[in-house]
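Residues per chain, in single letters:
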Amino acid sequence: CDDSIVGLATAGLSVFHFTNDIQLAVRIGKVSETLVEESPKKHVLRSRLCNELVTVLRMITEPFHSVLPLYPELYDSAMMVGDVENAMICRANCCCVSLWVGASDLFSMSKHIVMFTKEAAKYQQNTMVYNAMAHLNVCLYLSGRTNAEVDVKTFDELKSIAEKTNSVYLIWHIFMSQMALNFWMREYKDVVELSGKYSEKHPSSRQK
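Computed from a prediction, not measured in an experiment: that's the story for all the values here.

Definitions and limits used
For every chain, the first residue of the written sequence is number 1, and numbering continues from 1 onward in sequence order. Local features in this predicted model are restricted to residues of pLDDT 70 or higher, and side-chain atom pairs are both shown and tallied only at a pLDDT of 80 or more, whereas totals for entire chains, interfaces and linings draw on every residue. To obtain the side-chain values, all non-hydrogen atoms of the structure were used and water was disregarded. Each Phe, Tyr or Trp ring (for Trp, its six-membered ring) is paired with any other whose centre lies within 6.5 Å, and the angle between the two planes then decides the class: stacked below 30 degrees, edge-to-face above 60, tilted in between. Here a strand is any run of E in DSSP of at least two residues, a helix any run of H or I of at least four, and the numbering for each starts at the N terminus. Partly exposed describes any residue whose relative accessible area lies between the buried limit of under 20% and the exposed limit of over 50%, with all areas from a 1.4 Å probe on protein chains only and scaled to the type maximum. Remark: a charge is flagged as sitting over a ring if the NZ atom of Lys or the CZ atom of Arg is within 6 Å of the ring centre and within 35 degrees of the ring normal. Here a salt bridge means any side-chain nitrogen of Lys or Arg lying within 4 Å of a carboxyl oxygen belonging to Asp or Glu.

**Q** Teacher, can you tell me more about the packing of aromatic side chains here?
**A** Remark: the centre distance and the inter-plane angle together describe each pair of aromatic rings, the angle taken between the planes. The full count for this structure, using the stated rule, is 5 aromatic pairs. Aromatic side chains F175 and Y198 sit 3.9 Å apart centroid to centroid with 15° between the ring planes, which places their arrangement in the stacked category. Taken as a pair, F175 in helix 10 (residues 168-184) and Y198 in helix 11 (residues 188-201) lie far apart in primary sequence, 23 residues in all. Of the residues examined, F175 reaches a relative accessible area of 8% and is grouped as buried. Following the ring pairs from residue to residue traces out a cluster consisting of W172, F175 and Y198. Just above the ring of Y75 sits the side chain of R91; from NZ or CZ to the centre is 5.4 Å.

What follows is the structure, given as structure tokens:
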């Protein structure tokens, strides 16, 4: 039944998070994914399990660029069943991964992120709007372009919003965007400083 599939996928994610047996977690994830695809309620299950089966379990063993094509399918499934929140998460992850793997040039990437920002705003998914702005800041800075289609908030403004709303998800993406930008600009001292401040402020995120 559907609940059993959800439980199996969740178990795979738990194995990944709480044990060192990554291969077992991945095998459980693949079995779950096969069951999802064979289910009459495939789109509902895809929507519910998009993060467990793709964002985590696939990305730990497969190259990012091989995972990228799955996000549009997951987005379509989520929208088909009216799950706007997970649909926006899939679009956000698609933008994020596309940027990190260099799937397109910065101008095209910026246009893609602007479109997503507008869509997230339409559905009042504010966290996703701000998440998109973090990545858009990277694109605009590296390309030397400005954007007139959306009012893009600065990293400092985004961090203030994330802290006020206590959004760990948003704080993480802002941090990663700033880290990536500093790396690309070869500002390695800023990387060390930013990483240190993040670890002090968010000790639970440190690698054990």
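Moving on from the model shown.
**Q** Could you clarify how one ought to interpret the environment of K41 in this entry?
**A** Note on placement: K41 falls in the loop between helix 2 (22-38) and helix 3 (42-56). It is 38 Å that separates the C-alpha atoms of K41 and L158, two residues lying 117 residues apart in sequence.

**Q** Looking at this structure, I do not really get the pattern of salt bridges. What am I missing?
**A** For side chains of opposite charge, pairing can occur when their charged atoms come near one another. Evaluated as defined, the whole model comprises 8 salt bridges. Members of the salt-bridge network, linked through shared partners, are E37, R46 and E73.

**Q** Explanation requested: unusual backbone geometry in the structure shown.
**A** Note on backbone geometry: most residues besides glycine have negative phi, and most peptide bonds are trans. Even without a glycine there, the phi angle at N166 is positive, about 55°. Examined against the element boundaries, N166 turns out to sit in the loop between helix 9 (155-165) and helix 10. The exposure class of N166 is exposed, given its relative accessible area of 62%. Despite not being glycine, R186 has its phi angle at roughly 60°, a positive value. When you line up the elements, R186 lands in the loop between helix 10 and helix 11.

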